[in-house]
Amino acid sequence: MSEHRLPERDRPWLMRTYAGHSTARASNELYRRNLAKGQTGLSVAFDLPTQTGYDCDHELARGEVGKVGVAISHKGDMHALLDGIPLDEMNTSMTINATAPWLLALYVAVAEENGIDGSKLSGTTQNDILKEYLSRGTYAFPPGPSMRLIADVVAYTVEHVPRWNPINVCSYHLQEAGATPVQEIAYAMANAMAVLDAVRERVDESLMPTVFGRISFFVNAGVRFVEEHAKLRAMSLLWDELGRERYDVEDPKLRRFRYGVQVNSLGLTEAQPENNVQRIVLEALAVTLGRSARARAIQLPAWNEALGLPRPWDQQWSLRIQQVLAFETDLLEYPDVFEGSKVMDGLVEELVTGAREEMTRVAERGGAVEAVGYMKSELVSSHRERVRRIEDGDLTVVGINRFTETEPSPLTADAEGGILVVDPDVEAEQIAALERWRAERDEDAVRAALDELRRVARSESENIMPASIAAAHAGVTTGEWAQALRDAFGDYRAPTGVGEAVAGATSEELESLREEVDRVSDALGRRLKVLVGKPGLDGHSNGAEQIAVRGRDVGMEVVYEGIRLTPSQIAASALQEGVHVIGLSILSGSHRELIPSVIAQLREAGVDAPVVIGGIIPEADAAALREAGVAAVYTPKDFDLNRIMRDIVGLVAQHHGLAAAA
């Protein structure tokens, strides 16, 4: 057999679809169907209340229950979610961060109640809280205690659940927040070092090589798939180097860079969404073509994720893409096709050099935990540059800023617009089920478990996992577990990065906009002021941040207080700040419930100002929102921020009876 072929075909990677919605039973049915179609691992999507530690009857959970994932309130829900799935054979990935100790505790408790020992469980908890402060926003506790919780999960699993990956250091969402390849590498490595250093304080030093070997990564792969593959090779080199030089890991197998991937969702478009299929295929090549840096597990987004929640058929299409790549093509038959490539070697060296320089800047600011503010502002600035390049046509996005003529798509022609719409009755059903659960459990056992949980949390030195597993067995709910830890740790609001983001480059369009803002401000008698608000639990703040930054750049006074606001908080802020216009951003699908509530609170508070909304909003919902009083609706197809700014200035002028611009 010649050296340019493998002696036998490689085994394919673990194939997953990121799935879960509404209730545990509905999601269980979906998982069973997906496994029957050839999926080889589970990837559980949890709803935002579960991810942020709130029960479904909490004020902040309104409109969010079961929307972007499955609602899991207690061990009964976890039993239903995993019913009939052999946990001692299944590899389960759970995209959960702030509440990762709790969801793992529920998983372990359910396994134990089914007679399965923790040593037989395999899977992954994402459990990377630092990137939540930087990009995705599903944090619950301050950085220090959060790092302690991560370290506790790592320390516990190494000893008691040894086949479990206790953390996916997650660079995926960094790229979604605008990270360049260099930033994605550097910030992921800095996050990993912060986690390892925290674990080092909680385990015997002799266990550190094993700990290092259990750390995995969850990365992003964009459409520039040659550069993206180079990024993965660069990460592999740096990870091996960190293992040898910083953590004294001698076994090369334990230093291996192990990663799973979901390819880029940032580049998926609402306009001409059928183009997303070829984008997904090309992005999948980045993590499958080169054997020495091939992903161990892959989940692909669906073509319609820029429109809303995918249906089972849409997810099947993404699974079939993986299966065609693995079983019909010949990419698993060869050694590394990039070995010895001048182009690849040059790209890797370029990325490694840049990442080392950026890692040094993070280290100079005290490491990843202390440098959250710095990294956040850098991501906001990078994302702003990406938006500018699309606006100016320097970065082509097919169907957005070039080749925009199109035929109507039959894929979106149905009554729901080609997406899955969660039944709005799910929330009420979940609340009723939660009330029944509370009424039927042993309250004394719950109280004792929560008291013990608070004691362990305040102890600092004890591991949180045993008390969490005991609480799961006792029937404690997700919100109760998180509140017990909030009692011990306090609440936290992450930096927005907006104030620190550097000013954007000027242009004729920006100068013209500044002049118009000045004209309207003079007529108003004070500076035009906009409130950018994010109601509910949606933590995807990239769009809101870019609106806030662009508003500042054109001369508006901008009020932006970050994520996770109630309608009453938004109304109170609008009243106190005396704003001229309110811009709301929601990407979680909760707009139908939350926007009317915000408008009602504004009117009750006596705030008379136009309301605009941006987010993933189907056209049918957009029409209903306009009827409810929303002045303008923007979706991902509206990429021209200067046009949006001009619209907002015009709305304010019209609302106050000012003359239109000459």
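Structure first, text after, so check above.
To keep things clear, this report deals only with the structure shown in the data block.

Definitions and cut-offs
Residues numbered from 1 in each chain as written. Predicted model: local features only at pLDDT ≥ 70, side-chain atom pairs only at ≥ 80, totals over all residues. Heavy atoms only, no water. Pairing = 2+ DSSP bridges. Helix = DSSP H or I, 4+ residues; strand = E, 2+ residues; numbered from the N terminus. Axes fitted to C-alpha atoms, helices over the stretch in contact; angles between N-to-C directions. Contact = heavy atoms within 4.5 Å. Polar contact = N/O pair within 3.5 Å; in protein donor to acceptor, adjacent residues only side chain to side chain.

## Brief notes about the sheet that holds strand S12 (residues 557-560)
Part 1 of the reasoning: Read across the sheet, 5 strands follow the order S12-S11-S13-S14-S15 without closing on themselves; strand pairing throughout is parallel. The open sheet has two edge strands, S12 and strand S15 (632-634), and neither has a second partner. Across the sheet, the mean angle from the axis of one strand to that of its neighbour is 20°, orientation sign disregarded.
Part 2 of the reasoning: Relative to S12, strand S11 (residues 529-533) runs parallel, the two being bridged by 4 bridges. Each bridged residue has a counterpart across the sheet, and for Val530 the counterpart in S12 is Val558.
Part 3 of the reasoning: Across the sheet, helix H22 (residues 591-604) touches strand S13 (581-586) and strand S14 (611-615), and the angle it forms with S13 is around 160°.

## Observations concerning the side chain of Asn304
Part 1 of the reasoning: Residue placement: Asn304 occurs in the loop between strand S10 (297-299) and helix H12 (312-327).
Part 2 of the reasoning: Among the polar contacts made by the side chain of Asn304, one reaches the main-chain carbonyl oxygen of Gly418 at a distance of 2.7 Å.
Part 3 of the reasoning: Once you skip the residues sitting within four places of it in the chain, Asn304 turns out to touch Pro310, Arg311, Asp314, Gly418 and Ile419.

## A closer look at the sheet that holds strand S7 (residues 168-170)
Part 1 of the reasoning: Strand order across the open sheet formed by 5 strands is S1-S10-S9-S8-S7, with parallel pairing between neighbours. The sheet terminates laterally at strand S1 (14-16) and S7, the two strands that pair on one side only. On average, adjacent strands in this sheet sit at an angle of 20° to one another, irrespective of strand direction.
Part 2 of the reasoning: Summarising the sheet, strand S8 (residues 216-219) and strand S9 (residues 259-262) pair through 3 bridges and their orientation is parallel. Within S9, the residue paired with Phe217 across the bridge is Tyr259.
Part 3 of the reasoning: Helix H8 (residues 181-200) contacts S7 and S8 of the sheet and is inclined by roughly 150° relative to S8.

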